[in-house]
Structures are given as C-alpha cells and as structure tokens.
Amino acid sequence: MEGAQLETSPLEVCLSNLIGIDISSINETEISKSGANNLQLMLNSIWSDLSKENTKDGIVVSLPSKQEILLPRAYPLPTKKEKTRWEKFAELKGIKKRKRSRMVYDPITDDFVPRWGRNSIKKIQKKHNEAIIEIKGNMDENKDPREAINLKRDMMINKQRLRELKNKMNSSKNKNNPKSDEFALGIGNLKDTNIKRSKTQVKELFDRVSLSTASYGRRDKALPDEDRTTNKVKKAKKILDIKSENEKYKSIYSKILKQNFNL
C-alpha cells in the first residue's frame, strides 16, 4: 500500500502471537479495504517497534515474549498428580532424592564399574558370591542351588511390583465410578465422584445429622419450613414387674438406713 494513506482504526495488536483484533463495525464492501489497512498497520508496528537484525537471510526482527492477548489453551489444565505412599512417607521423614554417580568403585575388580546395566557392580558381586554355594541340610543335592536363589529373587521382584501397582491404584482417582447406592447416606465427600443422592436420601441424612447432637436437635436453630415433629425422640417408658420393683424399693430403703446410721 505504498502511496496510500492509512486510516486509523481501533486495532489491538499482539506482536508476540502476530494477532490483530479490530472491533469496529464494517460493511461487506469494506472488508477487503479494512483488512488491508489493518495488515499494513500491523506490519508498520512490527518494523518500527521491534529491534531489527541483519543476517545472511536478510533483515529479521525478534518477536517479544510478553503476550498482549492471551490465547485460550487447546487442552484442559493437567490435573494434580496424587502423591504415592512412598512420596508421602519421604516428605514426612524429610527424605530428599539425591543424584548418584553412574560409576562406583568395586573392590573385587579394583576398578570403577557401572552402578547398573551390563557389567554392573551388582552382577559382578552376584557372580563372585555365587561362585561357591554351600548346600545346607534342607536343600536338594541333585538340584542347582542357583535356581532356588534366582526363584527367590524373582519372587521379591514380583512382590515389589505388586506393591507399586497397589500404590498406583490407591493414589489414582477413579472418576468413572458407577452410580451406586452404597454408602449413599454417609457423610463422605462425593465431590469428585458421579454418585448423587436422591431427595429422600438427603432428607434422611439431614434427619440423622440433626439428631446427632446432645439435645437430639431440639436446641438447634430451625431452618425455614422445617418440620420438627419428625425430630422428636420419645423415650420408651420402662415397665417394672413386681419382683424388680420390690428389689428397687429395698435397695433405696437400705441406702436410707445406711445414711441414718452413719449420722
């Protein structure tokens, strides 16, 4: 648009994302003209406001890192990862993860060997320690004792993997729980689940909570349109037979005589 006079427009420019927003109302016949005008305004701001640099490919500019117009995320925010049992224990005890060197000294070979992998210190020590194995009384002489040692080691590895799997299952949140009435009247947190209580269950839960105080809900503040008739608890009258009533009166009479005797 050389030689053409640019029109001023309420153009909001974000040079970091190369975005220009014009909120002014235009007609269909003025779309191409307004678009060319706004594009030229953006190019002018790029070459005038940003620092230029001569390279072998030509003159280039560096776009700013600050965003004037924030773009929405393409994906939702990542959920917070739950800590495992070991991470909680380490945080409680103050155990910090420290980086270990890859090479360690091995007194058997008198040299530095890898900590893990091929020809690691564990494999060298295993080969050295299992060169001669004592056959104890409960071991079969016709079988290789190394097989029993390897089997025991594999069992320990499988147990550790099972513990890790249990930790992952405990730490992960099951968001696809099926709708169930199990523990529907509990006071647990159902915020992150799909379980919903019905009106009857909510009313029953409210009645149960209102009776959990020392006054059985009689001294609690009444809610609007609350029916207190259902919250009244009637104590059942204890009916005594003749024998128990006679024993009760005798015990009272003996207590009175004992008090008079002490006086």
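What comes next concerns the included structure. (Residues numbered from 1 in each chain as written. Predicted model: local features only at pLDDT ≥ 70, side-chain atom pairs only at ≥ 80, totals over all residues. Heavy atoms only, no water.)

Let's talk about the overall build of the protein
Counting its regular elements, the protein contains 6 helices and 6 strands. Across the 263 residues in the protein, those meeting the buried criterion constitute 13%. Element-wise, carbon and sulfur atoms account for 55% of the exposed surface of the protein, whose accessible area totals about 24,400 Å². (Helix = DSSP H or I, 4+ residues; strand = E, 2+ residues; numbered from the N terminus. Buried < 20%, exposed > 50% of the residue type's maximum accessible area, 1.4 Å probe, protein only. Areas by Shrake-Rupley, 256 points an atom, 1.4 Å probe, with all protein chains shown as cover.)

So, the pattern of salt bridges
Within this structure, the stated rule accounts for 1 salt bridge. The closest approach of N and O atoms between K83 and E91, which form a salt bridge, is 2.4 Å. On the accessibility criterion, K83 (38% relative accessible area) is partly exposed. (Salt bridge = Lys/Arg side-chain N within 4 Å of Asp/Glu carboxyl O.)

Remarks on the environment of W47
Secondary-structure assignment places W47 in helix α1 (residues 31-49). Between the alpha carbons of W47 and V61 there is a distance of 7.5 Å; along the sequence they are 14 residues apart. Apart from the residues lying within four places of it in its own chain, the contact partners of W47 are K52, I59 and V61. (Contact = heavy atoms within 4.5 Å.)

A short note on the side chain of S120
Checked against the element boundaries, S120 lands in the loop between β6 (111-114) and α3 (121-129). A distance of 3.2 Å separates a polar atom in the side chain of S120 from the backbone oxygen of G117. The contact partners of S120, leaving out residues within four places of it in the chain, are P114 and R115. (Polar contact = N/O pair within 3.5 Å; in protein donor to acceptor, adjacent residues only side chain to side chain.)

Looking at the side chain of D106
For D106, the location among the structural elements is in strand β5 (residues 103-106). No salt bridge is formed by the buried D106, whose closest oppositely charged neighbour, K127, lies at an N-O distance of 11 Å. In contact with D106, not counting residues within four places along its chain, are D111, V113, I121, I124 and Q125. (Lys, Arg positive; Asp, Glu negative; His and termini not counted.)

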